[in-house]
Amino acid sequence: MPPSPRPHRPPLPVRDGLNPTRLVLPHDAASTARFATAAQYLLERFAHDADRLREKLAAGEVVTGEGAVVDDATPYQPRGFLYLYRDPPADEPEVPALAELEVLHRDDDLLVVDKPHLVATMPRGRWVTRTVLVHLRATLDLPELVPAHRLDRPTAGVLVLTVRPEARGPYQTAFQDRAVRKVYEAVAALPAPGSPLDVDGTTTVRSRIVKHRGVVRAQEEAGEPNAESRVTLVARDDARGLGLYRLEPHTGRTHQLRLHMASLGLPLLHDTFWPELREDAPDDPARPLQLLSRSLAFVDPLSGEPREFRSRRRLAEWPAAPDGGDGGSPVAR
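None of the values given here were measured: they were computed from a predicted structure.

Enquirer: With reference to specific residues and values, describe the overall build of the protein chain.
Expert: Helix and strand counts for the protein chain stand at seven helices and 14 strands. In terms of overall dimensions, the protein chain has C-alpha extents of about 75 × 40 × 40 Å along its principal axes. Looking at the protein chain as a whole, 46% of its 333 residues qualify as buried. Nonlocal contacts in the protein chain, meaning residues at least 24 apart in sequence, comprise 63% of its contacts between residues at least 6 apart.

Enquirer: So what about the environment of Leu 110? Which residues, and what values?
Expert: Along the polypeptide, Leu 110 turns up in strand 5 (residues 110-115). Between the C-alpha atom of Leu 110 and that of Ala 59, which follows or precedes it by 51 residues, the distance is 36 Å.

Enquirer: Any chance you could break down the nonpolar core for me, citing the residues and the numbers?
Expert: Residues Val 113, Leu 136, Leu 145, Tyr 245, Leu 247, Met 261 and Leu 291 are the most contacted members of the largest nonpolar core, which totals 34 residues. Going through the elements one at a time, strand 5, helix 4 (132-139), strand 7 (156-162), strand 8 (181-189), strand 11 (227-237), strand 12 (242-249) and helix 7 (256-263) are the ones with two or more residues in this core. If we skip the residues at most four places from it in the chain, Val 113 touches Leu 101, Glu 102, Val 103, Leu 104, Val 132, Leu 136, Gly 157, Val 158, Leu 159 and Leu 161. Counting residues in each nonpolar core, the second largest holds 15 residues, with Ala 38, Tyr 41, Tyr 76 and Leu 84 among its members.

Enquirer: Hey, could you go over the pairing of strand 9 (residues 202-210) for me, with residue numbers and the actual values?
Expert: In the sheet, strand 9 pairs with strand 11 via six bridges, with the strands oriented antiparallel. Each residue of the ladder has a partner; that of Val 205, found in strand 11, is Ser 229. Summarising the sheet, strand 9 and strand 10 (residues 219-221) pair through three bridges and their orientation is antiparallel. Bridge pairing in strand 10 links Val 210 to Gln 219.

Enquirer: Lay out the side chain of Asn 226 with the relevant residues and their values.
Expert: In this structure, Asn 226 sits in the loop between strand 10 and strand 11. The residues touching Asn 226, leaving out its near neighbours within four places in the chain, are Ser 207, Arg 208, Ile 209, Thr 251 and Arg 253.

Enquirer: Quick rundown of the packing of aromatic side chains? Include the residues and the values.
Expert: Any two aromatic rings considered together are summarised by their centre-to-centre distance and by the angle between their planes. Going through the model one piece at a time under the given rule, you end up with seven aromatic pairs. Residues Tyr 41 and Tyr 76 carry aromatic rings whose centres are separated by 5.9 Å and whose planes lie at 65° to one another, so their mutual orientation is edge-to-face. One end of the pair, Tyr 41, is in helix 2 (residues 38-45); the other, Tyr 76, is in the loop between strand 2 (62-64) and strand 3 (81-84), with 35 residues separating them in the sequence. Overall, Tyr 41 belongs to the buried group, its relative accessible area being 9%. Overall, Tyr 76 belongs to the buried group, its relative accessible area being 7%. The cationic tip of Arg 22 hangs over the ring face of Phe 81; the distance from NZ or CZ to the ring centre is 4.3 Å. For the cation-ring pair, Arg 258 lies above Phe 273, with the distance from its terminal atom to the ring centre recorded as 4.6 Å.

Parameters and conventions
- Every chain begins its residue count from 1, and numbering advances along the sequence as written.
- Residues qualify for local features only when their pLDDT is at least 70, as the model is predicted, and side-chain atom pairs are given and counted only at 80 or more; totals for whole chains, interfaces and linings, by contrast, use all residues.
- As a rule here, side-chain values come from all non-hydrogen atoms in the structure, and water together with hydrogens is ignored.
- Each helix is a run of H or I in the DSSP string that is no shorter than four residues. Each strand is a run of E no shorter than two, and both are numbered from the N terminus.
- Exposure is judged per residue with a 1.4 Å probe applied to protein chains only, and the accessible area is read against the type maximum: over 50% gives exposed, under 20% gives buried, and values in between give partly exposed.
- Any pair of residues with heavy atoms lying within 4.5 Å of one another is described as a contacting pair.
- What we call a nonpolar core is a set of buried Ala, Val, Leu, Ile, Met, Phe, Trp, Tyr and Cys residues that are connected through their side-chain atoms within 4.5 Å.
- Being paired, for any two strands, means DSSP has found at least two bridges between them.
- Put simply, two rings from Phe, Tyr or Trp (the six-membered ring, in Trp's case) pair if the centres are within 6.5 Å, and we call them stacked under 30 degrees between planes, edge-to-face over 60, tilted for the rest.
- We call a charge positioned over a ring when the NZ of a Lys or the CZ of an Arg lies within 6 Å of the ring centre and within 35 degrees of the ring normal.

Right, dumping it as structure tokens:
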């Protein structure tokens, strides 16, 4: 295997689990004529936070792409990079479930964890420091930790992260090239009597899924399919009208499994996106989305050895097996 390209290293290190933010100086004629210095651009561009920026500039906490400290005389360089640490939001919500994060495996290349529901994989939106990535970087002293893939915040289960930059490319490529077999579990209503899923117990869903910028949830559109999921009904609870499903995505589109189940008329239990969007619905730890990344299996791109990692969690809406087996689920056995 040819060596992976050397990962880009910002001129500022990770601090308190957070990467520095990179800003690109605009190169349009108006900006070039307007700003004489990098500091002038920063203070005008982020006028609402100008006092805090002045403190960072005075403390030498803003640097160029080459690592030079930015001061009042640093010239404005179109297309130049500036790096600085942004302050975490003061109103970041508490994430009690973060205490339930469990390490499944750790070696020199990989860290594999069992992510709880309602914990973000990495900083995004309202969640910055109370995320899997930032928490693990800080508590395990792994400043170069990076996810090899991502689980949505409502989804629980197996999450793989790379420990060192040199290992990052091969593992991320394995996920991008669909070389990782993913198995999820989900709870939803039972299929309609006589439907293909009810009769055969399994079906494959193919569609074109598109996620538009600024739109909260992905959607299906006409055109060449770019998403494929295999859905299998593995257990029934006729008294409650619920089924336990094994979901095997062949692709990895945003919201793919949730959308494909909804397209079958079987939206996942406690889903705030389907069948109706409830974007502002408050988190309910007692009723999390019933979707779990049960297992990931792949041939290790560095060692060539087979690897498989399994979640120890179970979905709250599916009762444990009588023998208390792995997660109480026939999918995992």
